[in-house]
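The chain contents come next:
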Amino acid sequence: MAKTERIQEGTPAEDTRRPRAWLVQIGSARDPLQAPRAYPLNEGDRVVLGRQDGPPSQDPLRIEGADRSMSGQHAALTSTPEGWQLEDLGSSNGTLVWGQARSSYVLDDGDVFETGNTFWVFRTAVLADDEVPGAGPDELLRSLHPQLVGIGDRLVKVARTRVPIMLFGATGTGKEVVARAIHQRSGRTGPFLAINTAAVQANLVASELFGVERGAHSMADRSRTGQIRSAEGGTVLLDEIGDMPLEVQVSLLRVLQENEVLPVGGDAPVRIDVRFICATHQDLPELVRQGVFRADLYARLKGTTFELPPLAERREDIGRMIGVFLERYGAPDLALSPAAYRALVFNPWPLNVRELEKAVETAVALCGGDRIELEHLPEEVQRHVPPRGQSGRGPTSDEDRQRELMRLLAAHNGNVSAVARSMGYSRMQVHRWLKQLDVNPESYRG
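Presented here is a report on the structure given in the accompanying data block. This one's a predicted model, so the numbers in the text were calculated from it and none came from an experiment. (Residues numbered from 1 in each chain as written. Predicted model: local features only at pLDDT ≥ 70, side-chain atom pairs only at ≥ 80, totals over all residues. Heavy atoms only, no water.)

## Here's the deal with the overall build of the protein
Inference 1: In terms of regular secondary structure, the protein is built from 14 helices and 19 strands.
Inference 2: Taking all 446 residues of the protein together, 52% fall into the buried category.
Inference 3: Sequence separation of 24 or more characterises 66% of the internal contacts of the protein that already satisfy a separation of 6 or more.
Inference 4: As displayed, the protein offers around 20500 Å² of accessible surface, 46% of which is attributable to carbon and sulfur atoms. (Helix = DSSP H or I, 4+ residues; strand = E, 2+ residues; numbered from the N terminus. Buried < 20%, exposed > 50% of the residue type's maximum accessible area, 1.4 Å probe, protein only. Contact = heavy atoms within 4.5 Å. Areas by Shrake-Rupley, 256 points an atom, 1.4 Å probe, with all protein chains shown as cover.)

And the structure:
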């Protein structure tokens, strides 16, 4: 009988030049505080998923869990010429792919399946280093998503420099959280200050940012240093930078070029030591093309750019977030029904992490200390549990994807950012599909 060995997280990959397959344990509905894990899958392997106290397996590789709803030998993943095939091994509760029972299924990147109360996502991607992603407490982003792991590695390298950082991503993807993490890693002794430039009155943006001398305008009853100077020695996040008025963009360009600010109504500039991080959900290159955002300011700000994927693209992180929010709202011991957990994993989350947090907070309040059921979740989240006979999966064929992209490009006048928001994917992913499927967004612009 072959010896059974448990696959350990972080096993080195054999070839970083080729896409690497791995399996992520998103979490458990019964034990939502369980930490996610990533397991490497090597070409030619057969891996058995089973309960920890299950019978010995003839297969040398086995991933074991404490989930009592799993059978001793529940399912297997086998490397085949067609790809990684998931096979149910006659389990008591079945193996579900996107909420539907399957006896056998060839997995694609991002497919979600269940064994008992345990949820998994299959991944295949080219990795930046020789290890399957981990989610240790010392990592900047604590993510198992391949794109975010790569972003985290790059952010650590630039955190202690003065290189400007531009964060792209839809509302609620965690841009401010990332900016704070960069500041914490930067070694700068001053404060971190987040400024939502879209929330400041247009006629007061310059005064709020750069300061104002008394009497400079009718509302300047006293001199103010401005928010940028108040962050001396620290980091300023300029959030929603795409909404900044053109006249203020000119002043900000001087700040970045000269490391000094000129208060409104002032005669002499003031030297500053501030590190800038900018964030936006808008397509800044498109705004530059339209002439509403200065090209020279964009060139100065974008020193190094990062795009944070929407939550729907990083389902491997949803389980960890559910646990974090349960603890935050005083319910660390709560379990979820499989249907409730499934709805949280399948939901496209158009408002991203903020929306997930509110859904968990609402469920904690409504369940009264018992298990969180599907009916405790917001109605729009409940709708994302697929009916019998239907899958929660989106279009998979190239033809379906191409038709969807063309329809949305026509509806949004060729705006790729708007298309990405509609689909629940990052702009970068949509651009990859457009290139792959030979769809030109320029032809949809009026």
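## Digging into the sheet that holds strand β8 (residues 95-97)
Inference 1: Pairing is antiparallel across the open sheet formed by six strands, whose spatial order is β3-β2-β12-β11-β8-β9. A single partner strand is all that each edge strand has here, and the edge strands are β3 (37-41) and β9 (100-101).
Inference 2: Where strand β2 (residues 20-28) meets β3, five bridges bridge the pair, whose relative direction is antiparallel. Considered in β3, the bridge of valine 24 is made with alanine 38. (Pairing = 2+ DSSP bridges.)

## Some remarks on the packing of aromatic side chains
Between two aromatic rings, the relevant description is the distance of the centres plus the angle of the planes.
Inference 1: Evaluation of the coordinates by the stated rule reveals four aromatic pairs.
Inference 2: Seen from their ring centres, tryptophan 98 and phenylalanine 346 are 5.2 Å apart, and the 50 degrees between their planes marks the pair as tilted. In this pair, tryptophan 98 is assigned in the loop between β8 and β9 and phenylalanine 346 in helix α9 (residues 338-346), connecting sequence segments 248 residues apart. The pair formed by tryptophan 98 and phenylalanine 346 is uniform in burial state, with each residue classed as buried.
Inference 3: Pairing phenylalanine 113 with tryptophan 120 gives two aromatic rings, centres 6.2 Å apart and planes at 15 degrees, and the pair type is stacked. There is no split in this pair, since phenylalanine 113 and tryptophan 120 are both buried.
Inference 4: Taken together, the ring pairs connect Tyr39, Phe113 and Trp120 into an aromatic cluster.
Inference 5: Residue placement shows arginine 401 over the ring face of tryptophan 433; its charged tip is 3.9 Å from the ring centre. (Phe/Tyr/Trp six-rings, centres within 6.5 Å; stacked < 30°, edge-to-face > 60°. Lys NZ or Arg CZ within 6 Å of the ring centre and 35° of its normal.)

## Examining helix α1 (residues 146-158)
Inference 1: Taking 1.5 Å per residue as the helical rise, α1 with its 13 residues ought to reach 18 Å, and the 19 Å between its terminal C-alpha atoms agrees with that figure.
Inference 2: Buried positions along α1 lie against β13 (165-168), α2 (175-186), β18 (275-280), β19 (304-307) and α14 (427-436). (Expected span 1.5 Å × (residues − 1).)

## Looking at the packing of helix α8 (residues 318-328) against α9
Inference 1: It is at 10 Å that the axes of α8 and α9 come closest, and there the two elements cross at 115 degrees. Considering only the axes of α8 and α9, their crossing is right-handed. The residues of α9 that touch α8, namely those facing Ile318, Gly319 and Ile322, are Tyr341, Leu344 and Val345.
Inference 2: Split by residue class, the contact of α8 with α9 holds five nonpolar, one polar and no charged. (Axes fitted to C-alpha atoms, helices over the stretch in contact; angles between N-to-C directions. Left-handed = near helix turned anticlockwise from the far one by under 90°. Nonpolar A, V, L, I, M, F, W, Y, C, P; charged D, E, K, R; others polar.)

## Here we look at the packing of helix α12 (residues 398-411) against α14
Inference 1: At a minimum axis distance of 11 Å, the contact between α12 and α14 shows a crossing angle of 115 degrees. It follows that α12 is roughly perpendicular to α14 by the angle criterion. α14 is crossed by α12, and the crossing has left-handed handedness. Here Asp398, Arg401, Leu405 and Leu409 of α12 lie close against α14, whose contacting residues are Val430, Trp433, Leu434 and Gln436.
Inference 2: Class assignment for the residues of the contact of α12 with α14 results in five nonpolar, one polar and two charged. (Parallel < 35°, antiparallel > 145°, perpendicular 65-115°, else oblique.)

## Describing unusual backbone geometry
Inference 1: The backbone of tryptophan 98 shows a phi angle near 50 degrees, a positive value even though the residue is not glycine.
Inference 2: Positive phi is not limited to glycine here, since glutamate 240 has a value of about 55 degrees.
Inference 3: Within the secondary structure layout, glutamate 240 lies in the loop between β15 (235-239) and α5 (246-258).

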